[in-house]
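# Overview (structure and organization)
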Amino acid sequence: MLSDDEIKENLLNPRPSRRVFWWNIGLLVLGVMVAVVIYNGVMKRRRARERDIFPRETAAMQAKPAPAAAAAPQPAPIPALVPRKTVDAPPSPTPTAPAASSVSAPALAPGAAQDILKQVRDLRDAGQKQKAREQCYAYLGKLKDPAAIRAMEDLLGEINLDLLLTPAAMPEKTDYVVKSGDSLARIAKQFGTTVELVQMSNQVRGHMIRPGDRMRIFNTPFSLRINKSRNELEVYAGDRFFKRYKVGTGKHGTTPAGIFVINDKIPEPPWWRPDGQVVPFGDKENVLGTRWLSLKPVEGTDPVRGYGIHGTWEPETIGQQASAGCVRLLNEDVEQLYVLLPLGTRVVIEE
């Protein structure tokens, strides 16, 4: 029997029954289950919406694993001009070798070069740029006339740049799905390219990307060959010609010959006069144009300093030996190189 005091205490401070306790536990579990169902529904609708926004599924993403008997193609050897990776460089994917051209060029009849160039231009103008590109590479090995070869290379350079700076497929591009934690800088570093090229070739505005976004990333290393006597700069992708630019070089051969790497990139650069005074970008006295790519000699090259590749406000000097020693390009051309070339790009300057 409970005393009067114990009965009064129980009335004033009632203890919850076990039944009420288990009811509360049941309601809590039910609430968690409802929240999970709602979350799964929201994520399912989001994934469906992203599939509508990003419908492009490339063949590489959809391809099933090849049978074990199928031999995987071996990457093409990288020539000496391609920069070596340093010991502390982060691991990056093995560059995909350009696929063998599916277009075989027939034997050329005398005087056929003009017809071939017209055929390639017609393909390009019809929107068949990849086929036009394959034709260019196929015929380059067969043309004998130097003028026809240069005309084909110039046309090839235009087509290459058109394909590179759009989401169009190329053998040198890798299809990539953005992962959680990715950023444009991280993706560019992984594939040995530039943030600007990733943005431009995938039509990305700003720096916002989301997991699940699909991109095409150019993953073949560029290298440069500059010829002082011809005042020309040639871009190579792997071991293949990519594009040619006219340049200006140093007066009296003062541009140093040797092997260099690009070790700095500056947009809208200031210029240091010989007396040490800084001339800001935009000043009429600043001769560097809109971009500066600094060149650092590699081991075995004379230790010259202060040389680089830059733009110019004097387009009439392109094609001449007119600079104080640097390599200059039209502003629009050096801006293209700024987008294409990451730090560490190998540059060979020859007489």
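Since the model is a prediction, treat every value here as computed from it, not as a measurement. (Residues numbered from 1 in each chain as written. Predicted model: local features only at pLDDT ≥ 70, side-chain atom pairs only at ≥ 80, totals over all residues. Heavy atoms only, no water.)

### A word on the packing of helix 4 (residues 113-125) against helix 6 (residues 146-164)
Two elements in contact, helix 4 and helix 6, have axes separated by 10 Å at closest approach and are oriented at 5°. Compared by their axis directions, helix 4 and helix 6 come out roughly parallel. Contacts from Ala113, Ile116, Leu117, Val120, Arg121 and Arg124 of helix 4 reach helix 6 at Ala148, Ala151, Met152, Leu155, Glu158 and Ile159. Looking at side-chain class alone, the contact of helix 4 with helix 6 contains nine nonpolar, no polar and three charged residues. (Axes fitted to C-alpha atoms, helices over the stretch in contact; angles between N-to-C directions. Helix = DSSP H or I, 4+ residues; strand = E, 2+ residues; numbered from the N terminus. Parallel < 35°, antiparallel > 145°, perpendicular 65-115°, else oblique. Contact = heavy atoms within 4.5 Å. Nonpolar A, V, L, I, M, F, W, Y, C, P; charged D, E, K, R; others polar.)

### Remarks on the confidence of the model for the protein
For residues with low pLDDT, the predicted coordinates do not support detailed interpretation. Summary statistics for the protein give a mean pLDDT of 80 and a share of 73% for residues scoring 70 or more. In the model, residues 49-102 has pLDDT below 50 throughout and makes 58 contacts with residues more than four positions away in sequence or in other chains. (pLDDT = per-residue confidence, 0-100.)

### Considering helix 4
The terminal C-alpha atoms of helix 4, which comprises 13 residues, lie 18 Å apart, in line with the 18 Å expected from a rise of 1.5 Å per residue. Of the residues making up helix 4, those classed as buried are Ala113, Ile116, Leu117, Val120, Leu123 and Arg124. In a view along the axis of helix 4, the buried residues occupy a sector of 125°, so they form one face of it. Turned more than 90 degrees from where helix 4 packs its buried face, Gln114, Asp115 and Asp125 sit exposed. Buried residues in helix 4 make contact with helix 5 (129-140) and helix 6. Where helix 4 ends, the next residue or the one after it, Gly127, has phi of about 90°, a positive value. (Expected span 1.5 Å × (residues − 1). Buried < 20%, exposed > 50% of the residue type's maximum accessible area, 1.4 Å probe, protein only. Arc of directions from axis to C-beta.)

### Focus: the pattern of salt bridges
Going through the model one piece at a time under the given rule, you end up with 18 salt bridges. Note that Asp162 is salt-bridged to Lys129, the shortest N-O span being 3.8 Å. Of the two residues, Asp162 is situated in helix 6 and Lys129 in helix 5; the sequence distance between them amounts to 33 residues. Classification of Lys129 as partly exposed rests on a relative accessible area of 29%. Of the charged contacts in the structure, one is a salt bridge between Glu232 and Arg150, with a shortest N-O distance of 2.4 Å. Of the two residues, Glu232 is situated in strand 4 (residues 232-237) and Arg150 in helix 6; the sequence distance between them amounts to 82 residues. A single salt-bridge network, built from bridges that share partners, covers Arg150, Glu153, Asp154, Arg230, Glu232, Glu234 and Arg244. (Salt bridge = Lys/Arg side-chain N within 4 Å of Asp/Glu carboxyl O.)

### Focus: the nonpolar core
If you look at soluble globular proteins, the nonpolar side chains tend to sit buried side by side. One finds Met152, Leu164, Phe222, Leu233, Phe242 and Ile309 to be the most contacted residues of the largest nonpolar core, which totals 49 residues. With eight residues, the top contributor of residues to this core is helix 6. Leave out the neighbours within four places in its chain, and Met152 touches Ile116, Leu117, Val120, Cys136, Tyr139, Leu140 and Leu143. (Core = buried A, V, L, I, M, F, W, Y, C linked by side-chain atoms within 4.5 Å.)

### A closer look at empty space enclosed by the protein
In this structure the tally under the stated criterion is two cavities of 30 Å³ or more. Of the pockets and cavities examined, the largest cavity occupies roughly 40 Å³. Gly192, Thr193, Phe218, Thr220, Pro221, Phe222, Leu340 and Pro342 are the residues that line the largest cavity. If you add up the space inside the second largest cavity, you get close to 30 Å³. As for the second largest cavity, its lining consists of Thr255, Pro256, Phe260, Leu295, Tyr307, Gly308, Gly325, Cys326, Val327 and Ile349. Tallied by class, the residues present in the lining of the second largest cavity amount to seven nonpolar, three polar and no charged. (1 Å grid on protein atoms, 1.4 Å probe; cavity = no way out; pocket = protein on both sides within 12 Å on 5 of 7 lines; lining within 4 Å. Points joined across faces, edges and corners; volume = space filled by probe spheres on them.)

### A closer look at unusual backbone geometry
Phi is positive for Gln203, which is not a glycine, with a value near 55°. Within the secondary structure layout, Gln203 lies in the loop between helix 8 (195-201) and strand 2 (214-218). Of note, Asn231 is a non-glycine position whose phi angle comes to about 55°, a positive value. Residue placement: Asn231 occurs in the loop between strand 3 (222-227) and strand 4.

### Observations concerning the sheet that holds strand 7 (residues 258-267)
The strand order 5-4-3-14-7-10-11-13 describes an open sheet built from eight strands, whose pairing is mixed. If you trace the sheet from one side to the other, it starts and ends with strand 5 (240-246) and strand 13 (327-328), each paired once. Here strand 11 (residues 308-310) pairs with strand 13 via two bridges, running parallel. Looking across to strand 13, one finds that Ile309 is bridged to Val327. Its contacts with the sheet put helix 6 on strand 3, strand 4 and strand 5, and the angle it makes with strand 5 is roughly 100°. (Pairing = 2+ DSSP bridges.)

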